[in-house]
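Below, each chain spelled out in residue letters.
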Amino acid sequence: MGRVSGKVAVVTGAARGIGRAQAIRLAEEGADIIAVDLCGPVDTVVTPPASRDDLDETVRAVEATGARIVATVVDVRDGSALRSAVDAGVGELGGLDIVCATAGISSSAFALELTEQQWQTMIDVNLTGVWQTCKAATPHLIARDGGAMILTSSIAGLRGLVGVSHYVAAKHGVVGLMRSLAKELAPHHVRVNTVHPTNVDTPMIQNDMVRKVFRPDRENPTREEFAEAATSMNMLPIPWVDPVDIANATLFLASDEARYITAVTLPVDAGSTQR
């Protein structure tokens, strides 16, 4: 028996990165998966978007564990479409027990240089999209008489960072949402927590834009040059963590091992927030 055998999890941002790792790790431990991703570009974001092929690869990886998966292309900003996708997945898989609100974007500009569109898009995806996910999923968790929500925040949800004030604001907002939902849903035996990664080795950071932010002294920073700068953020001497590290924390919070853990902010950050 796996640690989440017989359960069903919805994962947003499931096409790649942390979302894919969460879907696979939960499936390895017995859960069936409702996978959601936009699989396309977002205005104001210059990092390469996930694709339908990426989501199909997640499907293949989950199915290889023996788990079932229902995958849908949906924008978490579209509450109606998101609810329809969750409802359809629940109808096919028989219920819902775990929520991984992971879909997110990144972009960079100093606070006074942000455009209104950059600010609004960030809030819409990284905060409102999390709320939409929770709203779509909550009735199904209540119907099961309990469950677990794991909202992906960031070290930027616990501290300030330069050049990403809109991202910091959104990720702090996710913490506030978590704390309120934990209180509201506790009578229904639903636990709500956040995870807070440092840099994670995914396309969100492994791209030219982010590398140049970390290494403005280089015209075209290499992965190794980026790693040198990124290591300075962490207490442990590493530049970034792997997606599976976040997925393992998610699995713990979703499992019965964490049955009395709610309203916590769990850093998976190599000591970054305490540096």
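Residues numbered from 1 in each chain as written. Predicted model: local features only at pLDDT ≥ 70, side-chain atom pairs only at ≥ 80, totals over all residues. Heavy atoms only, no water.

1. Observations regarding the pattern of salt bridges
And then number 1: All told, the structure shown has 14 salt bridges when counted by the stated rule.
And then number 2: Linking D75 and R77 is a salt bridge whose minimum nitrogen-to-oxygen distance equals 2.8 Å.
And then number 3: The partner of E225 in a salt bridge is R218, and the shortest N-O contact between them spans 3.1 Å.
And then number 4: By relative accessible area, R218 is classed as partly exposed at 36%.
And then number 5: What emerges from the salt-bridge pattern is a single network uniting R215, D217, R218, E225 and E228. (Salt bridge = Lys/Arg side-chain N within 4 Å of Asp/Glu carboxyl O. Buried < 20%, exposed > 50% of the residue type's maximum accessible area, 1.4 Å probe, protein only.)

2. Some thoughts on the packing of helix 4 (residues 116–143) against helix 5 (residues 165–185)
And then number 1: Direction vectors running N to C along helix 4 and helix 5 enclose 20°, while the axes themselves pass 8 Å from each other. Between helix 4 and helix 5, the crossing angle belongs to the class labelled roughly parallel. Note on packing geometry: the crossing formed by helix 4 with helix 5 is right-handed. Residues Q118, W119, M122, I123, N126, L127, V130, W131, C134 and T138 of helix 4 pack against S165, H166, Y167, A169, A170, K171, G173, V174, L177, L181 and L185 of helix 5.
And then number 2: Residue composition of the contact of helix 4 with helix 5, grouped by class: 14 nonpolar, six polar and one charged. (Axes fitted to C-alpha atoms, helices over the stretch in contact; angles between N-to-C directions. Helix = DSSP H or I, 4+ residues; strand = E, 2+ residues; numbered from the N terminus. Parallel < 35°, antiparallel > 145°, perpendicular 65-115°, else oblique. Left-handed = near helix turned anticlockwise from the far one by under 90°. Contact = heavy atoms within 4.5 Å. Nonpolar A, V, L, I, M, F, W, Y, C, P; charged D, E, K, R; others polar.)

3. Some points on helix 4
And then number 1: In this model, helix 4 (28 residues) spans 40 Å end to end at C-alpha, consistent with the 40 Å of a helix rising 1.5 Å per residue.
And then number 2: T128 marks the point of greatest bend in helix 4, at about 35°. (Expected span 1.5 Å × (residues − 1). Bend = angle between axes of the 7 residues up to and from the residue.)

4. Topic: the packing of aromatic side chains
And then number 1: Under the counting rule described, the total for this entry stands at two aromatic pairs.
And then number 2: Note on F214 and F226: the rings are 5.0 Å apart at their centroids and 65° apart in plane angle, and the pair reads as edge-to-face. You can see F214 sitting in helix 6 (residues 208–214) and its partner F226 sitting in helix 7 (residues 223–231), a full twelve residues away along the chain.
And then number 3: Judged by its relative accessible area of 24%, F214 is partly exposed. (Phe/Tyr/Trp six-rings, centres within 6.5 Å; stacked < 30°, edge-to-face > 60°.)

5. Some points on the sheet that holds strand 5 (residues 147–152)
And then number 1: The seven strands lie next to each other as 3-2-1-4-5-6-7, forming an open sheet whose pairing is parallel. In this open sheet, the two edge strands, each paired with only one partner strand, are strand 3 (69–73) and strand 7 (265–268). The average undirected angle you get between the axes of adjacent strands in this sheet is 15°.
And then number 2: With five bridges connecting them, strand 1 (residues 8–12) and strand 2 (residues 32–37) associate as parallel partners. Following the sheet pairing, T12 is matched in strand 2 by V36. (Pairing = 2+ DSSP bridges.)

6. Considerations on the domain arrangement of the protein
And then number 1: Per the domain assignment, the segments making up the protein are domain 1 (8–200 + 242–268) and domain 2 (206–239).
And then number 2: The gap between the C-alpha centroids of domain 1 and domain 2 is 26 Å.
And then number 3: On the side of domain 2, eight residues touch domain 1, which itself brings eight residues to the contact.
And then number 4: Contact between domain 1 and domain 2 buries roughly 660 Å² in total, counting both sides, with carbon and sulfur atoms accounting for 64%.
And then number 5: Our count for the contact surface shared by domain 1 and domain 2 stands at zero salt bridges. (Domains from an automatic or database assignment. Buried area = accessible area lost by both parts, 1.4 Å probe.)

7. Notes on the side chain of D97
And then number 1: Note on placement: D97 falls in the loop between helix 3 (79–93) and strand 4 (98–101).
And then number 2: Look at D97 and you get buried, because its relative accessible area is 12%.
And then number 3: Other than its neighbours up to four places away in sequence, D97 contacts G6, K7, V8, L141, R144, G147 and A148.

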